[in-house]
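Here's the letter readout for the chains.
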Amino acid sequence: MPDGSEELTLQTFDRISAIDSMEWDRCAGDDNPFVTYAFLSALEDSGSVSAESGWLPQHLTLRDAAGRLLGAMPLYVKGHSHGEYVFDYAIADAYERAGGRYYPKLLSAVPFTPVPGPRFLVHPNEDRRLIVKGLVSGLVQVADRYSISSVHINFLPGEDVPFLQELGFLIRHGHQYHWENHDYQSFDDFLGALSSRKRKSIRKERAKLQDSGIELTALSGDDITPNDWDYFYRFYIDTYDRKWGAPYLRRPFFDLLQERLADNVVLVMAYLDDLPIAGALNLKGKHRLYGRNWGCDGDYYKFLHFEACYYQAIDYAIEQGLDWVEAGTQGEHKIQRGYLPVRTYSAHWFPDAGFSDAVDSYFDQEKAEERHLMAHLMEMSPYKVEN
């Protein structure tokens, strides 16, 4: 274990395949599937993440004198801000109006994945503060090497926030909607925790969907076939065509996901007259189910989105004894389905002191607004108020 006096070596890699998968995963741990070697390599090997897509990998590693991997970070040089879900367009505009060049920037995140989780991957036997400090030094060196405007770390755990503030990072707040399992034994147990009006509303939604003849099933592991992925990808593409433009994930990504992380995949498929009409992709961690992508065949099926993305996820989490379901960003409608707002964090570093001070003031205003918004959203909670 390094004591801070021995020589440590920082290095970046433009592809994760240049790093030993077992070493990476030893630092990443087994709690969050999105920072595993399997998930990140599937993004790169499928061509979804590349210099051409504006995500140039520069994964950062920290080794001791014996060559042991002590820490690592998923890291990218970004030529734009797409696929991040922490929106910095106003900051980019201000930076360039001040005469600077905002892009490229340096980002530690999981591409296209607004899921909170570890960004500083530290060997379990090492001093976390020491390794994080070493990796932050590496971030600054990479930024200087490429004349990069700024460093960003998106959706990091709250426990990393105080130390990063000590190291000069500015902290930004956001929120998502998560469902917590209070040791429910069934979906009816969960409904019993809601107010009468909300409970009746959810039961009515589920009953109407069932009466329409639509059936849903949650597939995982080898139960998912290439045909299932073909249908799901079609649904995924259709959603992007109608809402957001070009999709981020390429078709081979889902084959690689099945090949490398099949047991972590929970694919909810909806059928009408035995024909797939919609799908919702989730990934399972040690304690959480993470809702990711959704799509349908283009027709409107009332309440299907709520059932496939929210209620089926709750059913699955209760059955598997998972503690949380993370339903991702946006959508106050999630609150009425039992998903409450949870604070998220991102960290940002700007070498220009004057601009950093201006952004810090901007973040302070945002935080005040977030506090008021979170309080308002919590007032919309569907849960019974305990006397």
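Here, every reference points to the structure presented above.
Draft legend 1. Seen up close, helix H10 (residues 304-320). Taking 1.5 Å as the rise per residue, H10 with 17 residues should run 24 Å; its terminal C-alpha atoms sit 23 Å apart, in good agreement. Of all bends in H10, the biggest is about 30°, found at tyrosine 311. Burial within H10 is extensive, with 13 of its 17 residues counted as buried. Looking at the residues trailing H10, positive phi occurs at glycine 321, about 70°.

Draft legend 2. Main features of the packing of aromatic side chains. For the structure on display, the rule yields 28 aromatic pairs. The side chain of lysine 78 reaches across the aromatic face of tryptophan 55, ending 3.9 Å from its centre. Here the basic side chain of arginine 337 rests over the ring of phenylalanine 306, its NZ or CZ set 3.7 Å away from the ring centre.

Draft legend 3. Region of the structure containing helix H1 (residues 21-28). Along H1, the positions that sit buried rather than exposed are Glu23, Trp24, Cys27 and Ala28. Take H1 and look down its axis: the buried residues cluster within an arc of 135°, on one side only. Elements that come into contact with the buried residues of H1 comprise helix H2 (37-45), strand E3 (59-63), strand E4 (69-73) and strand E7 (121-122). One side-chain oxygen of the residue at the start of H1 lies 3.1 Å from the amide nitrogen of methionine 22, identifying that residue as aspartate 20.

Draft legend 4. A look at the pattern of salt bridges. Within the structure shown, the criterion is met by 21 salt bridges. Of the charged contacts in the structure, one is a salt bridge between glutamate 166 and arginine 129, with a shortest N-O distance of 3.4 Å. Of this pair, glutamate 166 sits in helix H5 (residues 161-166) while arginine 129 sits in helix H4 (residues 128-145), and the two are 37 residues apart along the sequence. According to the relative accessible area criterion, arginine 129 is partly exposed, its value standing at 45%. Residue aspartate 230 is joined to arginine 251 by a salt bridge in which the shortest nitrogen-to-oxygen separation is 2.8 Å.

Draft legend 5. Layout of the nonpolar core. Core analysis: the largest hydrophobic core is formed by 46 residues, its most contacted members being Trp24, Phe39, Trp229, Phe254, Leu257 and Leu281. For this core, the elements supplying multiple residues, two or more each, are H1, H2, E4, helix H8 (226-243), helix H9 (251-261), strand E11 (265-272) and strand E12 (275-284). Excluding residues within four positions of it along the chain, leucine 257 makes contact with Phe39, Ala42, Trp229, Ala262, Val265, Leu281 and Leu283. By size, the runner-up hydrophobic cluster in this structure holds 40 residues, among which are Tyr177, Trp294, Ala308 and Ala327.

Criteria and thresholds
- Residues numbered from 1 in each chain as written.
- Predicted model: local features only at pLDDT ≥ 70, side-chain atom pairs only at ≥ 80, totals over all residues.
- Heavy atoms only, no water.
- Helix = DSSP H or I, 4+ residues; strand = E, 2+ residues; numbered from the N terminus.
- Expected span 1.5 Å × (residues − 1).
- Bend = angle between axes of the 7 residues up to and from the residue.
- Buried < 20%, exposed > 50% of the residue type's maximum accessible area, 1.4 Å probe, protein only.
- Phe/Tyr/Trp six-rings, centres within 6.5 Å; stacked < 30°, edge-to-face > 60°.
- Lys NZ or Arg CZ within 6 Å of the ring centre and 35° of its normal.
- Arc of directions from axis to C-beta.
- Contact = heavy atoms within 4.5 Å.
- Polar contact = N/O pair within 3.5 Å; in protein donor to acceptor, adjacent residues only side chain to side chain.
- Salt bridge = Lys/Arg side-chain N within 4 Å of Asp/Glu carboxyl O.
- Core = buried A, V, L, I, M, F, W, Y, C linked by side-chain atoms within 4.5 Å.

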